[in-house]
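# A structural walkthrough
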Amino acid sequence: MGIRKLSSIFRPQRIALIGVPADPNSVGGVTLRNLVGGGFRGVVYPVNPRHEAVLGIPCYPTVKSLPKVPDLAVIITGASAVPQIIEECGEVGIKGVIIMSAGFKEIGEEGRALEMTVMDIVKKYDMRVIGPNCLGIIVPGQNMNISFAATMPKAGHVAFISQSGALGTAVLDWAMDENIGFSYFVSIGNAMDVGFGDLIDYFGQDSNTRSIVLYVESITWAHQFMSAARAFARKKPIIVYKAGRFPESAMAAASHTGAMASSDAVYDALFRRAGIARVYNIGNIFDITDLIGRKRIPKGPNLAIVTNAGGPGVMATDSLIAKNGKLCKLSEETLDKLNELLPNYWSHGNPVDVLGDATPDRIASATEIVLHDPGVDAVLVILTPQAMTKPTETAKSVIKISEGSSKPIMASWLGGQSVAEGMRLFNHSGIAAFHTPEQAIRAFMTLVDYAKNMESLFETPKEIPVSFHYDRQTLREKFINEIFPKQNILTEEDSKELIRSYGIQTTQPVLTTSEEEAVMVAQKIGYPVVIKIQSVDIVHKSDCGGVVLNIENDNMLQGSYKGMMEKVVTCFPDSRIDGISVQKMIDTRDSVEFILGIKKDPIFGTVILVGMGGTEAELIRDQRLEFPPLNERLANQMIESLKIYPLLKGYRGRAPKNINKLVESMIRLSYLAADYPEIEELDINPIIVTQHDVVALDARVVIDEKTLKNPVPQYSHLLLRPYPERYIKSVKLGDGTDALLRPIKPEDEPMWLELLGSCSKESIYMRFRYNFHFDSHEVATQFCFIDYAREMAIVAEVEEHGRRKLIGVGRLIADPDVETVEYAILITDAWQRKDLGKILTQYCLEIAVANNLKRVVAETTKDNKPMISVFKKLGFTVNFNADSTVSVGIDL
């Protein structure tokens, strides 16, 4: 990925501006003026063969004529000249380039071809490029403004990355008003080379960057984005605004899932799974950034409203309830305190109407009382400028209270000039202030969703044992070689056979080609039965009378069979009809209909969908998308997000349904999705959930013929790398004990905590080199919930007295370029000196080699003699440092 090489762009000592004209008001002229006038302390070389000097600075005719090799080249020429300039930059050894020039893929195929030509040259010389068609970059902390933006923002802790240069200039203006400072400001334009993932990884290594804000129109390198975003979001927040939510160019789909898994729904799943806060109003983006950056994140959706006017309080309440927030019920203790403080005719509830004559002290005291209510997660203070109101003094009082509270306080000062100073004070003190209550509620609910995503992202799932009756590889060979090649859309019988093989219970259709044959089948399986038309050309059978339910005897069956054939032929005269299937009718009266499905997105790979099923599925669109692999927690979260979820819990006296079985079916479908990149779309609709069972009544599988003919690498169709089962290995320790080496799982958290709890302080110190406090869920998730694309932890598991337990763990953590990996190992005291250190380390080295890593490094203490001996035996170079640490390394 070349993340380290980005320093040549963001920390250059010498910069060449290529193509800068003499006109000071041109793009190049403004960029040169910004760079030189902004206080950049490095060297600037204007390059233009037509001028002796630009803005009084001597010009050079070519890059090759420069006295020293620049770290960064900024190209401001016409698009056609860019390939030759890039070639020259590569020849002299320039490693960083910003291409501001337009005229590439944004203008069509000709520009796209030119961009590909440039990219070929970039790869040839191992360069990194931002752009083309971009505004440039700004690093305020270095007084470096390489852009044609009108202003230099203040230095701060927010990195802003935008695909739109025009929006970027507007954001700079907003930031000035909101008193927001930037660590980096980057316009990536067409993102030919450097994309969101590269920049998130690079800024993640910068201690001065405390949060990242993204303006996204589209994402190209999905795997890189997800991996980088998840790594950053574990420690610092990312906030995103996604433009283009409702594309009109939706392609026709061959299944319900295909139609329902819209582009924006996939982006929503992406941001949620990465732990990113998504905003839907670009104007709120810095308010939310500031709240999250200050760790002012609500622990729940319970909001209290303090207002000096009833109407705005009602407006806020309406907006809150509409967005699924909760108006907090104040405790009796809180109400008693408010009764003592406020006039008798206050609202006596939430919203807390302190009345129009409220002084700053009354508003502030009421806010403080409400903040201390244990049921309150956040407070919104609303003020309207009335004759007795003092907006500025009230703002000062609220700010003072906020300084002593960890709960977020938001303000909505309604009005114009009279409240302007109060709004300014809020912005400078870190309190999010809004012009309307609705804006405040939108921001609050974004925070609530973010908190929920972060909590669920690292919540320890339950272990759900999923076993299969067949060897999945043998099963795959059968379907790939015998069934998938038959046709693009599998028959219901073949589709059900596939999902049944993965342990999902189905009804079993029998294909018939005549009324007599259908009657014989029905008599054999027993009435009542269901009949369905079987045709690859008919997507939705019920739209043309292709499904008949509750057929109770031979006469009904014969009549329905004949009528169905007539209707289908009339509706679809050119369709190929294979026959009519007959299957047992399942009693669905006390069940809930769901849809389960998978779809392969062209950018983000396979997604899994769950939602309300039946013929109205596309109309109602009560659904949730996620990326496989799924675990118990993710599956439950998907189900709980649905509007029909109360039906599963036992709505209005009905018996609760078997949610655990539905969760298991979703996890089984997740395995199927991972095993078959050849599946374009898969529908199980409806799949009914009863008190005891989950049964698929219909299924449809659409094959991606291109992938079937041209196999792809394993799991390349998945955005997230699934649990690496291939690294499970049985070994014998030095004393003959059988042990299992395997990658760690989120479900291992209790055993991981037990492992560390059984280690002595000395063993903990040798592993972490400080007094590591591990006994918390927040810490444990960082070590058990890992991204297998850039980290691997191999645990050693044994069985002792009928219980599974972990006795050691070896961990490999790759740098962002995934070239060098840091190794660490911990073995519980009772299992030391049994060759486990050597066995774990040797196996981790094998895994590093298999993943094409170049070097493994590690550090320990001088008194950790057993591990130093292991490292020497395995060929590591060992260096004893002056500070009593020992550094080891090995090239692979």
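Conventions used here
Residues numbered from 1 in each chain as written. Predicted model: local features only at pLDDT ≥ 70, side-chain atom pairs only at ≥ 80, totals over all residues. Heavy atoms only, no water. Helix = DSSP H or I, 4+ residues; strand = E, 2+ residues; numbered from the N terminus. Buried < 20%, exposed > 50% of the residue type's maximum accessible area, 1.4 Å probe, protein only. Contact = heavy atoms within 4.5 Å. Areas by Shrake-Rupley, 256 points an atom, 1.4 Å probe, with all protein chains shown as cover. Lys, Arg positive; Asp, Glu negative; His and termini not counted. Charge placed at Lys NZ, Arg CZ, Asp CG, Glu CD. Salt bridge = Lys/Arg side-chain N within 4 Å of Asp/Glu carboxyl O. Arc of directions from axis to C-beta. Pairing = 2+ DSSP bridges. Axes fitted to C-alpha atoms, helices over the stretch in contact; angles between N-to-C directions. Parallel < 35°, antiparallel > 145°, perpendicular 65-115°, else oblique. Nonpolar A, V, L, I, M, F, W, Y, C, P; charged D, E, K, R; others polar. Polar contact = N/O pair within 3.5 Å; in protein donor to acceptor, adjacent residues only side chain to side chain. Phe/Tyr/Trp six-rings, centres within 6.5 Å; stacked < 30°, edge-to-face > 60°. Lys NZ or Arg CZ within 6 Å of the ring centre and 35° of its normal. pLDDT = per-residue confidence, 0-100. Left-handed = near helix turned anticlockwise from the far one by under 90°. Disulfide = S-S within 2.5 Å.

## Considerations on the overall build of the protein
When helices and strands are tallied, the protein shows 30 helices and 38 strands. Expressed along its principal axes, the backbone C-alpha trace of the protein runs to roughly 95 × 80 × 65 Å. The burial tally for the protein puts 58% of its 892 residues in the buried class. Counting contacts in the protein only where the partners sit at least 6 residues apart, residues at least 24 apart contribute 70% of the total. Carbon together with sulfur atoms contributes 50% to the accessible area of the protein, which is approximately 38100 Å² in total. Charged side chains of the protein number 95 positive and 107 negative; the gap between the two group centres comes to 5 Å.

## Some details on the pattern of salt bridges
Counted according to the given criterion, the structure contains 42 salt bridges. Its salt-bridge partner being D268, residue R278 comes within 3.1 Å of it at the nearest N-O pair. Pair noted here: R278 is in strand β14 (residues 277-279) and D268 is in helix α9 (residues 263-274), with a separation of ten residues, a long-range link. Note on R278: relative accessible area 8%, which makes it buried. As a salt-bridge pair, E640 and R633 come within 3.5 Å of each other at their nearest N and O atoms. A residue is classified by how much of its surface remains accessible, and E640, at 37% relative accessible area, is partly exposed.

## Things to note about helix α3 (residues 82-92)
Of all eleven residues in α3, eight are buried; the element is thus mostly enclosed. Remark: G93 follows α3 within two positions and exhibits a positive phi of approximately 100 degrees.

## Comments concerning helix α30 (residues 865-873)
One turn of the α-helix equals 3.6 residues, which is why residues spaced by three or four share an orientation. Turning to α30, its buried residues are M867, I868, V870 and F871. Across the axial projection of α30, the buried residues extend over an arc of 155 degrees, all falling on one side. Facing away from the buried side of α30 by more than 90 degrees, the exposed set consists of K865 and K873. In the core, the buried residues of α30 are packed alongside β35 (820-827), α29 (836-850), β36 (855-861), β37 (877-880) and β38 (885-891). Following α30 by one or two positions, G875 adopts a phi angle in the positive range, close to 95 degrees.

## Re the sheet that holds strand β10 (residues 155-162)
Pairing is mixed in the open sheet, where seven strands are placed in the order β9-β8-β11-β10-β12-β13-β14. Each edge of the open sheet carries a strand with a single partner, namely β9 (144-147) and β14. This sheet shows a mean twist of 15 degrees between the axes of neighbouring strands, independent of strand direction.

## Observations concerning the packing of helix α17 (residues 472-483) against helix α18 (residues 492-501)
Contact geometry of α17 with α18 gives a least axis separation of 11 Å together with a crossing angle of 170 degrees. One finds that α17 runs roughly antiparallel with respect to α18. Residues L475, K478, F479 and I483 of α17 pack against D494, E497, L498 and S501 of α18. For the contact of α17 with α18, a count of residues per class yields four nonpolar, one polar and three charged.

## Re the side chain of S412
Positionally, S412 belongs in strand β19 (residues 409-413). For S412, a relative accessible area of 0% puts it in the buried group. At 3.4 Å, the side chain of S412 and the backbone oxygen of F434 are in polar contact. Contacts of S412, omitting those with residues within four sequence positions, involve L380, V381, I382, L383, F434, H435, T436 and P437.

## Topic: the packing of aromatic side chains
Taken as a whole, this structure holds 23 aromatic pairs when the rule is applied. For the ring pair Y723 and Y788, a centre distance of 6.0 Å and an interplane angle of 80 degrees mean the geometry is edge-to-face. Of this pair, Y723 sits in the loop between α25 (705-709) and β31 (729-732) while Y788 sits in the loop between α28 (777-784) and β33 (791-800), placing them 65 residues apart in sequence. Through a chain of ring-to-ring contacts, three or more aromatic side chains come together here, namely F10, Y184, Y202 and F203. Over the ring of F768 we find R767; its NZ or CZ atom is 4.2 Å from the centre of that ring. Geometry around W831 places K834 over its ring, the cationic atom sitting 5.7 Å from the centre.

## Points about the side chain of R668
Looking at where R668 falls in the secondary structure, it is placed in helix α24 (residues 659-675). Within the local environment of R668, its side chain forms a polar contact with the backbone oxygen of Y502, the two atoms lying 3.1 Å apart. Apart from the residues lying within four places of it in its own chain, the contact partners of R668 are V466, S467, F468, Y502, G503 and I504.

## Let's talk about the confidence of the model for the protein
On average, residues of the protein carry a pLDDT of 89, and 96% of them reach 70 or more. Within the model, pLDDT remains below 50 along residues 248-256, and this stretch shows 16 contacts once partners closer than five positions in the same chain are excluded.

## Brief notes about the packing of helix α19 (residues 515-525) against helix α20 (residues 554-571)
Where α19 contacts α20, the two axes come as close as 10 Å, and the packing angle between them is 140 degrees. As the angle between them shows, α19 and α20 are arranged oblique. When the axes of α19 and α20 are compared, the crossing they make is right-handed. Contacts from E515, A518, V519, A522 and Q523 of α19 reach α20 at D554, L557, Q558, Y561 and K562. The class makeup of the residues in the contact of α19 with α20 is five nonpolar, two polar and three charged.

## Brief notes about the sheet that holds strand β23 (residues 547-551)
Taken together, the four strands give an open sheet; going across it, the order is β21-β24-β22-β23, and neighbouring strands pair in antiparallel fashion. Sheet topology places β21 (510-512) and β23 at the edges, where each strand pairs with a single neighbour. Strand-to-strand twist across the sheet, computed as the mean angle between neighbouring axes with direction ignored, equals 25 degrees. Summarising the sheet, strand β22 (residues 529-534) and β23 pair through three bridges and their orientation is antiparallel. Residue pairing in the sheet places I531 in a bridge with V548 of β23. Helix-sheet contacts for α20 involve β21, β22, β23 and β24 (579-584), and the interaxial angle to β22 is about 20 degrees.

## Describing the state of the cysteines
This model, assessed by the stated rule, comprises zero disulfides. In this structure C784 is a free cysteine whose sulfur lies 13 Å from that of C759, the closest cysteine sulfur available.

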